[in-house]
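# Understanding the architecture of this molecule
Listed below are the residues making up each chain.
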Amino acid sequence: MPHPEDDAAQAPTSVQAPAPAPVATAPDPTPAADAVDVADAGVSREVDEPAVEWDDDAGDGDDVEVGDGGDDDDGGDDDDAMDDDDAFAGEDDEQSVLGEIAAADIVLDPGEAETVEAVLPTIHPRKWIRHRRAPRERLEQIAHRYDVPVADFREWNGISPDTHNVKQGRRLRVRARRLPPPRRKLDYTVAAGDTWWSVALRHGVDARDVRSYNWPYKGKMAPGTKLILWVDPIVHDWITDGQPPETVDPGQQVRRGAVGIGPPDDGRLLNGVEIPPSSTYNLRLPKSAYGTTYAVSEFVAAMADFEKTGGHGRPLEIGAMSRQNGGEIGTHRSHQTGRDVDIRLPRKPNVARFRPLTPKRVDWGATWKLVQVLATHDVAVVFLDFDMQKQLYKHAKAHGATEAELRKLLQYPRGRGAARGLVRHSDGHVRHMHVRFGCGPYETECVP
Ligand SMILES: [Zn+2]
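This one's a predicted model, so the numbers in the text were calculated from it and none came from an experiment.

A separate point is the overall build of the protein chain. Looking only at helices and strands, the protein chain features nine helices and 14 strands. Looking at the 448 residues of the protein chain, the share that counts as buried comes to 45%. In the protein chain, once contacts between residues fewer than 6 apart in sequence are set aside, the share between residues at least 24 apart is 72%.

The subject of this paragraph is the packing of helix 7 (residues 364-374) against helix 8 (residues 386-398). The interhelical angle for the contact between helix 7 and helix 8, taken along N-to-C directions, is 95°, at an axis separation of 9 Å. Comparing their axes, helix 8 and helix 7 come out roughly perpendicular. Taking contact as the criterion, the partners of Trp364, Gly365, Thr367 and Trp368 in helix 7 are, on helix 8, Gln391, Leu392, His395 and Ala396. Here the contact of helix 7 with helix 8 is built from residues that sort into four nonpolar, four polar and no charged.

Of note, the bond from Trp215 into Pro216 is cis; its omega dihedral lies within 30 degrees of zero at -10°. Turning to its location among the elements, Pro216 is positioned in the loop between helix 4 (207-213) and strand 4 (226-231). Cis peptide bonds are those with omega within 30 degrees of zero, and the linkage from Tyr412 to Pro413 qualifies with 0°. Assignment of secondary structure puts Pro413 in the loop between helix 9 (403-409) and strand 13 (423-424). Not every positive phi belongs to a glycine, and Asp147 is a case in point at roughly 55°.

Now for helix 7. In terms of burial, helix 7 is largely enclosed, as eight of its 11 residues are buried. Taken residue by residue, helix 7 has Trp364, Ala366, Thr367, Trp368, Leu370, Val371, Val373 and Leu374 as its buried positions. Packed against the buried residues of helix 7 are helix 6 (293-308), strand 12 (379-383), helix 8, helix 9, strand 13 and strand 14 (432-437).

Before going further, it helps to spend a moment on helix 3 (residues 196-203). With six of eight residues buried, helix 3 is to be regarded as a mostly interior element. Where helix 3 is concerned, the buried positions are Trp196, Val199, Ala200, Leu201, Arg202 and His203. For helix 3, the secondary structure elements touched by its buried residues are strand 3 (184-189), helix 4, strand 4 and helix 5 (233-240). Count one or two residues on from helix 3 and you reach Gly204, which has phi positive near 75°.

Attention now goes to the nonpolar core. With 63 residues, the main nonpolar core has Phe299, Leu374, Val382 and Val435 as its most contacted residues. When residues in this core are grouped by element, the largest group, eight residues, is from helix 6. Not counting the four nearest positions on each side in its chain, Phe299 is found in contact with Ile275, Gly291, Val341 and Phe437. Counting residues in hydrophobic clusters, the runner-up holds 12 residues, among them Ala200, Val205, Tyr213 and Val231.

On to the confidence of the model for the protein chain. In the predicted model, the protein chain carries a mean pLDDT of 76, and 70% of its residues have values of at least 70. Taken together, the stretch residues 1-120 has pLDDT below 50 and engages in 215 contacts with residues farther than four places along the chain or on a different chain.

In this section: the environment of Val199. On the secondary structure map, Val199 appears in helix 3. The spatial distance from the C-alpha of Val199 to the C-alpha of Tyr188 is 8.9 Å, given a sequence separation of 11 residues. Setting aside residues no more than four positions away along its own chain, Val199 makes contact with Tyr188, Asp194, Val210 and Leu227.

To continue, consider the environment of Arg171. Following the sequence through the fold, Arg171 ends up in strand 2 (residues 171-178). A C-alpha to C-alpha distance of 4.4 Å links Arg171 and Arg132, two positions 39 residues apart in sequence.

So, about the packing of helix 6 against helix 7. When two helices pack together, you describe them by how their axes are tilted relative to each other and by the distance separating the axes. Direction vectors running N to C along helix 6 and helix 7 enclose 135°, while the axes themselves pass 9 Å from each other. Accordingly, the angle class assigned to the pair helix 6 and helix 7 is oblique. Relative to helix 7, the crossing made by helix 6 is right-handed. Contact with helix 6, carried on its side by Ala302, Asp305 and Phe306, involves Lys369, Leu370, Val373 and Leu374 of helix 7 and no other residues of that element. Residues that form the contact of helix 6 with helix 7 fall into these classes: five nonpolar, no polar and two charged.

A word on the pairing of strand 14. Across the six residues of strand 14, six count as buried, placing the element largely inside the fold. A two-sided burial pattern is seen for strand 14, the buried positions comprising His432, His434 and Arg436 on one face and Met433, Val435 and Phe437 on the other. Across five bridges, strand 11 (residues 340-344) lies against strand 14 in antiparallel orientation. Paired with Asp342 across the bridge in strand 14 is His434.

Okay, the environment of Thr292 next. Considering the arrangement of structural elements, one finds Thr292 in the loop between strand 9 (290-291) and helix 6. Using a count of 33 C-beta atoms within 10 Å as the deciding quantity, one classes Thr292 as buried. As a C-alpha pair, Thr292 and Asn271 span 21 residues in sequence and 8.1 Å in three-dimensional space.

Scoring rules and cut-offs
Here the residue numbering is sequential within each chain, running from 1 through the sequence in written order. Confidence filtering applies because this is a predicted model: local features only for residues at pLDDT of at least 70, side-chain atom pairs given and counted only at 80 or more, and all residues used for totals across whole chains, interfaces and linings. Helix numbering and strand numbering both begin at the N terminus, where a helix is a DSSP run of H or I of at least 4 residues and a strand a DSSP run of E of at least 2. We call a residue exposed when 12 or fewer other C-beta atoms sit within 10 Å of its C-beta, buried when the count reaches 20 or more, and partly exposed for counts in between; the C-beta positions come from the backbone. The contact criterion used here is simple: two residues whose C-beta atoms, placed from the backbone, lie within 7 Å are in contact. Lines fitted to the C-alpha atoms define the axes, with helices restricted to the stretch that makes contact. Angles between their N-to-C directions range from 0 to 180 degrees. In what follows, roughly perpendicular refers to angles from 65 to 115 degrees, roughly parallel to angles under 35, roughly antiparallel to angles over 145, and oblique to any angle outside these ranges. Classification used: nonpolar for Ala, Val, Leu, Ile, Met, Phe, Trp, Tyr, Cys and Pro, charged for Asp, Glu, Lys and Arg, polar for all others including Gly. Any set of buried Ala, Val, Leu, Ile, Met, Phe, Trp, Tyr and Cys residues joined through C-beta atoms within 7 Å is what this text calls a nonpolar core. Every residue gets a pLDDT, meaning the predictor's confidence in that residue, from 0 to 100. The handedness criterion is simple: a crossing whose near helix is rotated anticlockwise from the far helix by less than a right angle is left-handed, and one whose near helix is rotated clockwise is right-handed. Here, any two strands with at least 2 DSSP bridges between them count as paired.

If you want it as structure tokens, here you go:
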């Protein structure tokens, strides 16, 4: 994501000129004794990373990247492959704006943060601040939190590219573009029935981190034991607002607490939530059907709306979203933070499933409805091959779409590099569209 030097245009209220040096220069206080860095204490990482396993019925190469020419090797048995080459042409003009401009009291030290009221992430003119590293916080994560390029962040602090952790408690300078309140330390008393997972989920932290904060953790899941947690105030308050996260909101099928960290092509998913089953769609890759609470909710709502329009008469075929913990997935370049999902183009009713999905076999009416529906939700971008956009354009125009609507929704005919329209060209997105949802308002480390 480019971060132009002068981004004053993004800052409606210029409260002060950016200072040339960190505003806070007080000497580092000694870190609290109970906040010892346990990041490198040797907690094993063996924990439940689900393996990527594609559906058996697809057999060969389901969802495997086949590159630009992939659509040509369309053999009958290749029918289920969701070719995916996430090249992000035209992605550059995505706005990295989250939430609303909100007044926020910024407290720079985690130790002082107990009193900070959680607020939405705030877009702010670039402002130099200090950040004191909380346990288990990775450098990349801190950079994401303040929405700054990781390379710049390293440079400001003289940290080499191979260093991923610095001493806990170290103060780091950041010329922040977003100012969420810092992580805060929380004491938690274990209750009967708790597990590392349930405690982590309830507080919006990673279960591995919870164990690490409380190293050595053996025997500490006994009722009455005091645990230390480092929570993100915004995520924590969202989750604990009213009821435990396992309880879904009325009318909502998706539990809270799943948030994306970092950009879609270099990030992870915290406490990912599974796309719920539905008669409106088939999840073809159930082990890769996890997302953020926000993206999954938006997806579910969009699918329900699509159904209401008459949809397609049959379930849509859904490919990969993310793995439960996000990160790299197969040969996809993105799909790492629980915000990207692949949807196969709906086929005409009389086309058998084993036939290769050529343009003539696509149900363009249903495809157009789907794009229209997605546009009414928080979708950042949809990737679809430019030549396929042309087919969609022709169909929509012949069926009464206005110029204004076509311009708003499709990049075509303005060229495959044009940064226009919700749907953008990306190589390899011929038989499926790739939908990227926005960052939720409580996702403090999500990078658009
Ligand atoms: Zn994709």
